[in-house]
Amino acid sequence: MLPVIALVGRPNVGKSTLFNALTRSRDALVADMPGVTRDRHYGVCHLGARPFVVVDTGGLSGSDEGIEGLTAQQVRLAIAEANLLVFVVDARDGVLPLDAAILGELRRSGKPIVVVVNKTDGTDEPTVMAEFASFGVAETIPASAAHSRGVDVLVARAMPHLPEEDEDDAPSEEEQGIRVAIVGRPNAGKSTLINRLLGEDRLIVSDLAGTTRDPIRVSLERDGRRYTLIDTAGVRRKARVEEAVEKFSVIKTLQSISAAQVTVIMIDARENLADQDLTLIGHVIEEGKALVVAVNKWDGMDSYQREQTQKALERRLQFADWAKTVFISALHGSGLRELMKAVIRAHAAATKELGSSELTRTLERAYEAYQPPLVRGHAPKLRFAHPGGSNPPTIVIHGSRTKHIAPAYRRYLEGFFRKRFRLEGTPVRIEFRDGD
Ligand code: GDP
Ligand code: GDP
């Protein structure tokens, strides 16, 4: 499972700027938990040898007693979840009493700490660094998040602090079958679906989870096929009190998506599609995972409601129109056959082997039908294509002036390849390489 790094520090030191530099994502996932003063942001960083989850804990504001109240609670939660704490301070402010108080709190956790001295741009760096050396934290890094300076160093220093992946215990690909993450907002029906799938097929429940914090993996055999369901809701742990506190764990959701080949996002048909659903779908696509949209609680809706729901979904999910939408009732078990069929198809598309000559031929046809607009009087040339990996299927296209190819043309090519190779249910990645 993806390790977790938490960014902690006073307001305005540059945590969200650093978060954006690390995750490079357009939309951060936000946990909408009641009772916290500022939302925490979550994303995945792919800059290092291993991806990890980044949590921006929000601001820790000071009071006479130092840190306290809800923000402190929020930070404690982040500390509990994190494998590494990144303490962000402001080079221009120097060491403030509140910094020392926060550091004390972080130290009590016993977790590894890296200090990032941010906003060193325009400062006398050696002087600033000497001041922060008083913290006595061995790993203290100068940075300028706004200019993405120090970010690579931070990532490199973070790596050794992340827990080892124990791949030895992991079941083989074949034993695992298709790895499916089931994600969605609280009460969408994730647990109901998993219980339904498991119960119906008298399955072999084996708990493959390492620690209690990790999402649970359960294996399922259905119609002669193997699956590993990666459950974010925690079927069995649900009864426990602390699960109610944070029933929707963004960290678990991100970890599940990362570990899976196919993500099933569950949506409650009786609720409007929330921004969080769209952000989640956007994240699945960015991570290159195959996607199936399961619209749950389809039972007890009349035909008018169904039609309205279908129309609204179609409109808002246009950006992922290649993903199959299935209408199910986890409670009654209807639509599950279709759901699993969509999962199998999406997996097949995501892992399909594409041949270089077919890809090149398809590229030629796409190029003939419609050429990219001229760039300062010159046409970008696309010469040949070859496969660059699967899950997601990646197509590497060689040519010249490819840097100037507009997003619209990239989408055109993507659609063309998708149609030709029937890559339904999976994102398709196009990479351009300039030959000259
Ligand atoms: P947060 O409250 O800790 O999340 O801080 P923000 O990321 O919102 O940053 C607070 C302010 O500091 C913003 O105006 C940023 O543009 C600015 N800032 C962040 N990083 C840097 C930096 O590296 N250099 C400079 N000069 N300003 C920065
Ligand atoms: P989770 O938080 O995503 O795991 O959601 P649950 O599986 O706990 O379901 C939340 C609530 O929705 C429960 O009361 C379920 O009984 C109910 N529910 C789940 N699936 C369906 C369904 O297909 N139809 C109806 N009517 N209710 C459902």
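- Looking up the chain in an unreviewed UniProt entry gives the name GTPase Der, with the organism given as Luteibacter sahnii.
- UniProt, in the comment section headed Function (unreviewed entry), describes the chain in these words: "GTPase that plays an essential role in the late steps of ribosome biogenesis."
- Looking at the chain in UniProt, the text filed under Subunit (unreviewed entry) is "Associates with the 50S ribosomal subunit."

1. Some points on the overall build of the chain
Right, so step 1: Of regular secondary structure, the chain possesses 14 helices and 16 strands.
Right, so step 2: Intrachain contacts of the chain at a sequence separation of at least 6 include 71% that bridge at least 24 residues.

2. Here we look at the sheet that holds strand S16 (residues 429-434)
Pairing between the strands of a sheet comes from backbone hydrogen bonds, and it takes one of two forms, parallel or antiparallel.
Right, so step 1: Spatial strand order, S14-S15-S16: three strands in an open sheet with mixed pairing. Looking along the sheet, the strands with just one partner apiece sit at the ends: strand S14 (381-387) and S16. Across the sheet, the mean angle separating the axes of adjacent strands is 25° when strand polarity is ignored.
Right, so step 2: In this structure, strand S15 (residues 394-400) lies alongside S16, joined through six bridges in parallel fashion.

3. Describing the site of ligand 2
Right, so step 1: By nearness alone, 16 residues border ligand 2, and Gly189, Lys190, Ser191, Thr192 and Leu331 come closest of all.
Right, so step 2: No other element matches the three residues that helix H7 (residues 190-200) contributes to the shell around ligand 2.
Right, so step 3: Of the residues that constitute the shell around ligand 2, the class distribution is five nonpolar, eight polar and three charged.

4. Notes on unusual backbone geometry
Right, so step 1: Note the cis peptide between Asn391 and Pro392, where omega equals 10°.
Right, so step 2: Counting through the fold element by element, Pro392 comes out in the loop between S14 and S15.
Right, so step 3: The backbone of Lys297 sits at a positive phi, close to 65°, despite the residue not being glycine.
Right, so step 4: Relative to the helices and strands, Lys297 is located in the loop between strand S12 (290-296) and helix H11 (303-316).
Right, so step 5: Judged by the 22 C-beta atoms lying within 10 Å of it, Lys297 is buried.

5. Overview of the site of ligand 1
Right, so step 1: In the vicinity of ligand 1 lie 15 residues, with Gly14, Lys15, Ser16, Thr17 and Ala146 positioned nearest.
Right, so step 2: In terms of residues, the shell around ligand 1 owes the most to one element, helix H1 (residues 15-23), which gives three residues.
Right, so step 3: When the residues that make up the shell around ligand 1 are grouped by side-chain class, the tally is four nonpolar, eight polar and three charged.

6. What about the sheet that holds strand S9 (residues 216-222)?
Right, so step 1: Spatially, S9-S10-S8-S11-S12-S13 is the arrangement adopted by the six strands of the open sheet, whose pairing is mixed. Each edge of the sheet is formed by a strand with only one pairing partner; in this case those strands are S9 and strand S13 (324-327). Averaged over all neighbouring strand pairs, the angle between strand axes comes to 25°, with direction disregarded.
Right, so step 2: In this sheet, strand S11 (residues 262-268) lies alongside strand S8 (residues 178-184) in parallel orientation, the contact comprising five bridges. Residue pairing across strands places Val180 opposite Val262, the latter belonging to S11.

7. Some thoughts on the pairing of strand S3 (residues 41-45)
Right, so step 1: Judged by how many residues are buried, S3 sits mostly within the fold: five of five residues are covered.
Right, so step 2: Of the two faces of S3, both are covered, the one formed by His41, Gly43 and Cys45 as well as the one formed by Tyr42 and Val44.
Right, so step 3: Hairpin remark: S3 followed by strand S4 (residues 52-56), antiparallel, with six residues in the connecting loop.

8. Re helix H9 (residues 250-259)
Right, so step 1: With eight of its ten residues buried, H9 lies for the most part within the structure.
Right, so step 2: Listed in full, the buried residues belonging to H9 are Val250, Ile251, Lys252, Thr253, Leu254, Gln255, Ser256 and Ile257.

9. Brief notes about the environment of Thr360
Right, so step 1: The residue Thr360 is located in helix H13 (residues 356-369) in this model.
Right, so step 2: Residues Thr360 and Gly122, 238 residues apart in the sequence, show an inter-C-alpha distance of 50 Å.
Right, so step 3: Sequence-distant contacts of Thr360, that is, excluding residues within four places in its chain, are made with Phe384 and Ala385.

10. So, the confidence of the model for the chain
The predicted coordinates of low-pLDDT regions are not to be read in fine detail.
Right, so step 1: Here the chain averages 86 in pLDDT, while 85% of its residues score no lower than 70.
Right, so step 2: With pLDDT under 50 throughout, residues 201-213 is counted as low confidence; its partners more than four residues away or in other chains account for 17 contacts.
Right, so step 3: Across residues 234-246, confidence stays below pLDDT 50; counting only partners more than four residues off in sequence or on other chains, it has eleven contacts.
Right, so step 4: Model confidence for the complex: the whole-complex pTM is 0.86, and ipTM, which rates the interface, is 0.88.

11. Side note on the nonpolar core
Burial of nonpolar side chains together is a common tendency in soluble globular proteins.
Right, so step 1: Among the nonpolar cores identified, the biggest contains 109 residues, and Val8, Val86, Phe87, Val180, Ile265, Val292 and Ala294 are the most heavily contacted of them.
Right, so step 2: Among the elements that take part in this core, helix H12 (residues 336-350) stands out by supplying eight residues, more than any other.
Right, so step 3: Those residues within four positions of Val292 in sequence are excluded, and the remaining contacts are Val262, Val264, Ala323, Lys324, Val326, Leu339, Ala342, Val343, Ala346 and Gly425.

Parameters and conventions
Residues numbered from 1 in each chain as written. Chains lettered and ligands numbered in written order. Predicted model: local features only at pLDDT ≥ 70, side-chain atom pairs only at ≥ 80, totals over all residues. UniProt positions renumbered as here; feature names shortened; annotations may be inferred. Helix = DSSP H or I, 4+ residues; strand = E, 2+ residues; numbered from the N terminus. Contact = placed C-beta atoms within 7 Å. Pairing = 2+ DSSP bridges. Axes fitted to C-alpha atoms, helices over the stretch in contact; angles between N-to-C directions. Near = placed C-beta within 6 Å. Nonpolar A, V, L, I, M, F, W, Y, C, P; charged D, E, K, R; others polar. Buried ≥ 20, exposed ≤ 12 C-beta atoms within 10 Å, placed from the backbone. pLDDT = per-residue confidence, 0-100. Core = buried A, V, L, I, M, F, W, Y, C linked by C-beta atoms within 7 Å.

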